[in-house]
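# Reading the structure
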Amino acid sequence: MIPVAEPHITAQDIELVNEALKSGWISSAGKFLDLFEERWASYCGMPHGIAVSNGSVALDLAVALLDLAPGDEVIMPTFTIISPAQSVVRAGGIPVLVDSNPRTWQMDVDQIEAKITSRTKAILVVHIYGHPADMDPILEIAHRHGLIVIEDAAEVHGAEYKGSRCGGLADISTFSFYANKLVTTGEGGMALVRTPQLAERARSLRNLCFQKKQRFLHDELGNNFRLTNLQAAMGVGQIERMEAIVARKRAIAAAYTDLLQDVSGIQLPAEEPWAKNVYWVYGMVLDDSCGLSAAMLADRLRERGIETRPFFLGMHQQPVFQRMGLFRDENYPVAERLARQGLYIPSGLTIADQQIVAVANAVKECLQ
Ligand SMILES: Cc1ncc(COP(=O)(O)O)c(C=O)c1O
């Protein structure tokens, strides 16, 4: 099987983890944690980084910083992983959904304004599959309505919007460092924030809201969202290698695009003139007219030894939210088509050039 993604672990990563182990700093304090937070925040152009155990709790933390009252609304794309929506629901808020742009698969910025009500507190942008969302109109709308903007940048390490890195474009951003991400710590995440006040509150919420003066006196309920120094050690060297990592991801994508661009019946990933796509995954969407669903193509590719993953299923189509009475009778045709007709093919950092050719040939064969 050619896997959709495998982590690329280098001798330097192993050496740094060993150094952390030998130092005895194996829990959530230590020099690698400080370095990881400082270097990732600085790479993204934000002043403060708060490392946490995964990307989902980074979103829990970011949403906690909004101080939502029950029933407050957060606008977000329906086409996303469940993490951002569940963070809002668990904080007592209501996700308010918008459909996707059919070219870029990012949230459709033209649908945002009509969804704003007196209860709207924030826009939670989820950059999808390596390409940035169109941030300027989002920031402009947010500014006009006094809304906070959170970027879920889990899938866009190193991607750029008009020359600025994703995760550094709004008030708060979050990242995942799961094994399939460009930078990985196995499990891991981070929230980036702009102000020292937010940073301090986020650090407190990450660590059970222990207090500085009297440790076991609690003013607020926090969580244990801590990352270990061991995990941070694994990530530190990768930040230095980001240029090479992004270049390899873009080369993999360019090779696929070269091999597949003339195949009729499929839409390949876009790169808008204002965007630098890092192609976290290499997605494709089958035309309805080609008579094949993504699930059928996935079966055919599996028979040929190629692993794929389906695209996200929209939040409005999730039974768990429908049972809560959310999104009843809402339709988002673009996201529904992406879920039905979209999948992604192997594009991890360890894929060999011959494997790219083999995957592209298999896709062509399956579509004939
Ligand atoms: C956009 C997005 N947000 C959040 C997450 C959750 O991250 P984690 O798996 O580290 O909890 C992911 C995971 O892939 C993601 O793609």
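So, here is what we can say about the structure in this document.

Here the focus is the sheet that holds strand β1 (residues 48–52). In space, the 7 strands of this open sheet follow the order β1-β9-β8-β5-β4-β2-β3, with mixed pairing throughout. Bordering the open sheet on either side are β1 and β3 (94–98), each of which pairs with just one other strand. Strand-to-strand twist of the sheet, defined as the mean angle between neighbouring strand axes without regard to direction, takes the value 20 degrees. Inspection of the sheet shows strand β5 (residues 148–152) paired to strand β8 (residues 172–176) by 3 bridges, in the parallel sense. Residue D152 lies in a different strand from β8, and its bridge partner there is T174. In the packing of helix α5 (residues 135–145) onto the sheet, the strands contacted are β4 (120–126) and β5, and the crossing angle to β5 comes to about 150 degrees. Against the sheet, helix α6 (residues 196–206) contacts β1, β8 and β9 (189–193), and its axis sits at roughly 10 degrees relative to β1.

Now for the nonpolar core. The tendency in soluble globular proteins is for nonpolar side chains to be buried as a group. Formed by 97 residues in total, the largest nonpolar core has its most connected members in W40, Y129 and I138. For this core, the leading source of residues is helix α2 (residues 31–44), giving 7 residues. In this structure, I266, L286, A298 and I345 belong to the second largest nonpolar core, which totals 27 residues.

Turning our attention to the sheet that holds strand β11 (residues 275–276). Ordered in space as β7-β6-β11, the 3 strands form an open sheet in which the pairing is antiparallel. Looking at the sheet topology across the chains shown, the edges are occupied by β7 (164–165) and β11.

Moving on: the site of the ligand. All residues in the neighbourhood of the ligand are listed as N54, G55, S56, L59, I81, S83, V126, D152, A154, E155, S176 and K181. Between the ligand and S56 there is a distance of 2.6 Å, counted from an oxygen atom to a side-chain nitrogen or oxygen. Here D152 contributes a side-chain N or O atom positioned 2.6 Å from a nitrogen atom of the ligand. For the ligand, the protein covers 90% of the area, taking 390 Å² as the surface of the free molecule.

Before going further, it helps to examine the side chain of E160. Take E160: it is sitting in strand β6 (residues 160–161). Residue contacts for E160: discarding those within four places in its chain leaves P132, R165, C166, W274, A275 and K276.

This next bit is on helix α7 (residues 229–240). The periodicity of an α-helix, 3.6 residues per turn, causes residues three or four positions apart to be oriented the same way. With 12 residues, α7 extends 18 Å between its outermost C-alpha atoms, agreeing within 8% with the 16 Å of an ideal straight helix rising 1.5 Å per residue. Burial runs high along α7: 9 of the 12 residues are buried. Buried-residue contacts for α7 involve α1 (11–23), α2 and α8 (242–260).

This part is about the packing of aromatic side chains. With the rule as written, the count across this model stands at 19 aromatic pairs. The interplanar angle of 25 degrees and the centroid separation of 5.3 Å between the aromatic rings of Y129 and F312 together place this pair among those described as stacked. Taken together, the residues Y129 in the loop between β4 and α5 and F312 in the loop between β13 (309–310) and α10 (319–323) connect sequence positions 183 residues apart. Given a relative accessible area of 3%, Y129 falls into the buried group. Ring plane angle 35 degrees and centroid distance 5.0 Å describe the contact between Y256 and Y282, whose orientation is recorded as tilted. Of this pair, Y256 sits in helix α8 while Y282 sits in strand β12 (residues 282–286), and the two are 26 residues apart along the sequence.

For the rest of this paragraph, the subject is the pairing of β4. With 6 of its 7 residues buried, β4 lies for the most part within the structure. In this structure, β4 lies alongside β5, joined through 5 bridges in parallel fashion. Note on β5: the bridge partner recorded for A122 is I148. The β-α-β motif built from β4, the intervening α5 and the parallel element β5 has right-handed crossover chirality.

This brings us to the pattern of salt bridges. Evaluation of the coordinates by the stated rule reveals 19 salt bridges. The salt bridge involving R103 is made with E272; its shortest N-O contact spans 3.1 Å. With R103 in the loop between β3 and β4 and E272 in the loop between β10 (266–267) and β11, the pair connects residues that are 169 residues apart, well separated along the chain. Since its relative accessible area comes to 46%, R103 is described here as partly exposed. Through salt bridges with shared partners, a single network forms among E37, R203 and R206.

Rules of the game
All chains use their own residue numbering, which begins from 1 and follows the written sequence. In keeping with the predicted nature of the model, local features appear solely for residues at pLDDT of at least 70, side-chain atom pairs appear and are counted solely at 80 or more, and the whole-chain, interface and lining totals rest on all residues. Calculation of side-chain values draws on the structure's entire complement of heavy atoms; hydrogens and water are dropped beforehand. Here, a strand pair is defined by DSSP locating no fewer than two bridges between the strands. Each helix is a run of DSSP H or I of at least 4 residues and each strand a run of E of at least 2, with the numbering of both proceeding from the N terminus. To obtain each axis, a line is fitted to C-alpha atoms, and for helices this fit is confined to the stretch in contact; angles are then taken between N-to-C directions over 0 to 180 degrees. Only heavy atoms enter the contact rule, under which two residues are in contact if any of them lie within 4.5 Å. Residues enter a nonpolar core if they are buried and are Ala, Val, Leu, Ile, Met, Phe, Trp, Tyr or Cys, with the set joined through side-chain atoms within 4.5 Å. Think of it in three bands: residues with accessible area under 20% of the maximum for their type are buried, residues over 50% are exposed, and the middle band is partly exposed, with areas taken using a 1.4 Å probe on protein chains only. Any residue with a heavy atom positioned within 4 Å of a molecule or strand is treated as near that molecule or strand. Polar contacts, as used here, are pairs of N or O atoms within 3.5 Å; protein pairs need one atom able to donate a hydrogen and one able to accept it. Residues neighboring in sequence count only if both atoms are side-chain atoms. Here the accessible surface of atoms and residues is derived via Shrake-Rupley with a 1.4 Å probe, and residues count as covered only by protein chains that are part of the display. Each residue after the first adds 1.5 Å to the expected span of a helix. Put simply, two rings from Phe, Tyr or Trp (the six-membered ring, in Trp's case) pair if the centres are within 6.5 Å, and we call them stacked under 30 degrees between planes, edge-to-face over 60, tilted for the rest. For crossovers, right-handed means that the path from the first strand over the helix to the second runs clockwise, given strands pointing away from the viewer. Basic side-chain nitrogens of Lys or Arg form a salt bridge, by our definition, when they fall within 4 Å of a carboxyl oxygen of Asp or Glu.

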